[in-house]
Structures are given as C-alpha cells and as structure tokens.
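# Structural overview
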Amino acid sequence: MEKKKQWCNFQGDLGEYRVVKTDDGSQTLHSTHFDEACHSTHGAYAETVYNYIEGCEIAHQLQEKDELWILDVGFGAGLGARALIDLLEQLPSNPKRKIHYLSVELDQELTIWALEHGLPQPLPYSLMAITEEVASLSFNHGQLLGQVLIGDARQTIPAFKQAFPKVSLNAIFQDAFSPKKNPSLWTQEWFELLKSFSAPDALMTTYSASIGVRKAMFQAGWPVFNFPGFGQKRQATKCVRGLEMNPEMTKKLTTGNSIALKDCLIGLGE
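Residues numbered from 1 in each chain as written. Predicted model: local features only at pLDDT ≥ 70, side-chain atom pairs only at ≥ 80, totals over all residues. Heavy atoms only, no water.

Summing up its helical and strand segments, the protein chain has eight helices and 13 strands in all. Whereas a compact globule of 270 residues would reach a radius of gyration of roughly 18 Å, the protein chain reaches 18 Å, a difference of no more than 12%. If you line up the protein chain on its principal axes, its C-alpha atoms span 50 × 40 × 40 Å. Across the 270 residues in the protein chain, those meeting the buried criterion constitute 55%. Taking all contacts inside the protein chain whose residues are at least 6 apart in sequence as the whole, residues at least 24 apart take part in 64%. Put simply, the protein chain has 25 plus and 31 minus side-chain charges, and the middle of one group is 6 Å from the middle of the other. (Helix = DSSP H or I, 4+ residues; strand = E, 2+ residues; numbered from the N terminus. Rg over C-alpha atoms; globule rule 2.2 N^0.38 Å. Buried < 20%, exposed > 50% of the residue type's maximum accessible area, 1.4 Å probe, protein only. Contact = heavy atoms within 4.5 Å. Lys, Arg positive; Asp, Glu negative; His and termini not counted. Charge placed at Lys NZ, Arg CZ, Asp CG, Glu CD.)

In structure tokens form, the structure reads like this:
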C-alpha cells in the first residue's frame, strides 16, 4: 500500500492536475488537459502493481536476469517507478541487480512534481541532454536507475534508441492516457517502434482491451493475449514476443469490421 503523503492540486505545463483519492487509499492525478485520470479510481497503486509489475512478470524476470530495461509509457504521478522501487526492496538481496527505468512524459513540470511527491521520498534529479533536441530528467534510487524523456515520445524514443543502440527493452508498461484521449501512442506505428526497441522475449502489458488497439499491436508484430482486467474491467491485454498466439485470438484480430489504429486514421502522417 502506498505510504500516505499530502498531495495538492497544482499547475503543470499542460494545465491543472487535480488530486483524486482512489479505492485502495492511494492517490492519482486528473489531468485537465486530457480530461482523464492517470490511473484507475478503483486503486491507482494496486492497478499499477497488477497491470505492470505482475503483468510483465518483473519479479520472475529478475530471477533470470540481473539487469532489466523497462519502459513506462507515461511517467504521470510516478507510480510505476514507485512500484518498482517497492518490489526491489521486497526481493532477496542481489548486489548485481539493476533496473534501468526509462519513461516518457510530455509535461516536464508534472515529472518534477512526481519526483518530489510521488515516490517513496523526494529524489534529487538532474537534467541531461540525450541529443541536442532531447533531454531527460535523471534520478536514482537504490538499484533503480531512472530517466524520463521529456517531450513527444514518438520523437524522444527514436532519439534515445539512436543514442543507445545496444539497449533492448525487457518490459513495456503501455500506460498512456486512453486511446480516445491520446490516440497517437496507441497506433500500429507506435507499436512497431516499441517492437524495434525490445528484446526477443519482451513483455508488454496495458489496461486497454480495445480491439483497435489489439489489431494495431498484432499488425505491428506483437503476439496478443488476454488477461483479466483490474477492478471493473473484464479484460486487459498482454503481449509476449516469441510466443504463439492461440487460434481464437488470431481469428479475432484478422477478421471483423474493426480496424487497427494507425497514424493516418488520426491525422498523423500520410
């Protein structure tokens, strides 16, 4: 359970963020820019642990690998980083263990607020240049080494990938604002970019079970699977590279009238 601290509404680069208390006692933020909360109101911290820490099998992966690269799509209130820090503190000691935590965020002021309020304790951070155009806010906490790329993720991720070509993602927390509110981070082109940046056995999970999102993942080359949703959501989505999809899911994603989300359908690209 989240350690309680007082959060207050504040103004970010993209508008006001309002504090929302959720059913597990943890807090999240409602963005007036996206008109949506960063997490489920049924439990912000519990949803983060369920969908991403457990969904991407982070504890199991750390039993097999000393180092992991994790991408959290949307730093938001910082609960993804917080849940990883909590997990590291619960695991048996391993001095070789490291989690390289990479995240993306449009709103630099939100990122700074989260580093000062959303993690187990306020963390010192520094502004680092990845390229001339792309900067990150970097922070460390024990065995978690964090970087948050500031700006449009469709530009910052390729820049980071070019600067660090040997990096290969083991897990992806696809936790952007919903496809309805933020469709550019749910398209086939976006998932193709993530696949090009991921390990052959990478896992990606998301709270969304949208057929358009799943078709975008599938057409980008990700094997797509169901898993039970959190709270009142019946289903969520898990992708595991290297696994064979079941025939029922394959049929569902290759038939029907629903189409994959693509940049051209939401006014991005040609």
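With that settled, the discussion passes to the sheet that holds strand E4 (residues 36-37). With antiparallel pairing, four strands are arranged side by side in an open sheet as E1-E2-E3-E4. Of all strands in the sheet, those bounded by a partner on one side alone are strand E1 (10-12) and E4. Relative to E4, strand E3 (residues 27-31) runs antiparallel, the two being bridged by two bridges. For His30, the partnering residue across the bridge sits in E4 and is Ala37. (Pairing = 2+ DSSP bridges.)

Okay, the packing of helix H7 (residues 211-219) against helix H8 (residues 247-254) next. Here H7 crosses H8 at 105°, and the two axes come no closer than 9 Å. It follows that H7 is roughly perpendicular to H8 by the angle criterion. Contacts between H7 and H8 involve Ile211, Arg214, Lys215 and Phe218 from the first element and Met249, Lys252, Leu253 and Thr254 from the second. (Axes fitted to C-alpha atoms, helices over the stretch in contact; angles between N-to-C directions. Parallel < 35°, antiparallel > 145°, perpendicular 65-115°, else oblique.)

Before going further, it helps to spend a moment on the nonpolar core. Grouped together as the largest cluster of nonpolar side chains are 81 residues, with contacts concentrated most on Ile58, Phe139, Ile157, Phe191 and Trp222. For this core, the element with the highest residue contribution is helix H3 (residues 79-90), accounting for six residues. Apart from residues no more than four positions distant in its own chain, Phe191 is found in contact with Gln174, Leu185, Trp186, Met204, Val213, Ala216, Met217, Ala220 and Trp222. (Core = buried A, V, L, I, M, F, W, Y, C linked by side-chain atoms within 4.5 Å.)

Both strand E7 (residues 126-129) and strand E8 (residues 135-141) contribute to a ladder of four bridges, which runs antiparallel. Residue pairing for E8: Ser126 is matched across the bridge by Ser138. Joining the antiparallel neighbours E7 and E8 is a turn of five residues.

The buried fraction of strand E5 (residues 67-73) amounts to six of the seven residues, a majority that puts the element mostly inside the structure. The pairing of E5 with strand E6 (residues 98-105) spans seven bridges and is classified as parallel. Looking at the pairing, Glu67 lines up with Lys98 of E6. In this region the chain leaves E5, passes through H3 and returns to the parallel neighbour E6; the handedness of that crossover is right-handed. (Right-handed = clockwise from strand over helix to strand, strands pointing away.)

The mixed open sheet is built from nine strands, whose spatial order is E7-E8-E9-E6-E5-E10-E11-E13-E12. Each of the sheet's edge strands pairs with one partner strand only, and the pair in question is E7 and strand E12 (224-228). Taking the axes of each pair of neighbouring strands and ignoring which way they run, one obtains an average angle of 25° across the sheet. By the bridge criterion, seven bridges tie E6 to strand E9 (residues 144-150) in an arrangement that is parallel. Paired with Leu102 across the bridge in E9 is Gln147. Across the sheet, H3 is in contact with E5, E6, E8, E9 and strand E10 (169-174); its angle to E6 comes to roughly 170°. Of the strands in this sheet, E5, E10 and strand E11 (198-206) touch helix H6 (residues 188-196), which is tilted by about 135° from E11.

Relative to the helices and strands, Ile259 resides in the segment after H8. The exposed category is assigned to Ile259, whose relative accessible area is 55%. It is 9.6 Å that separates the C-alpha atoms of Ile259 and Arg214, two residues lying 45 residues apart in sequence.

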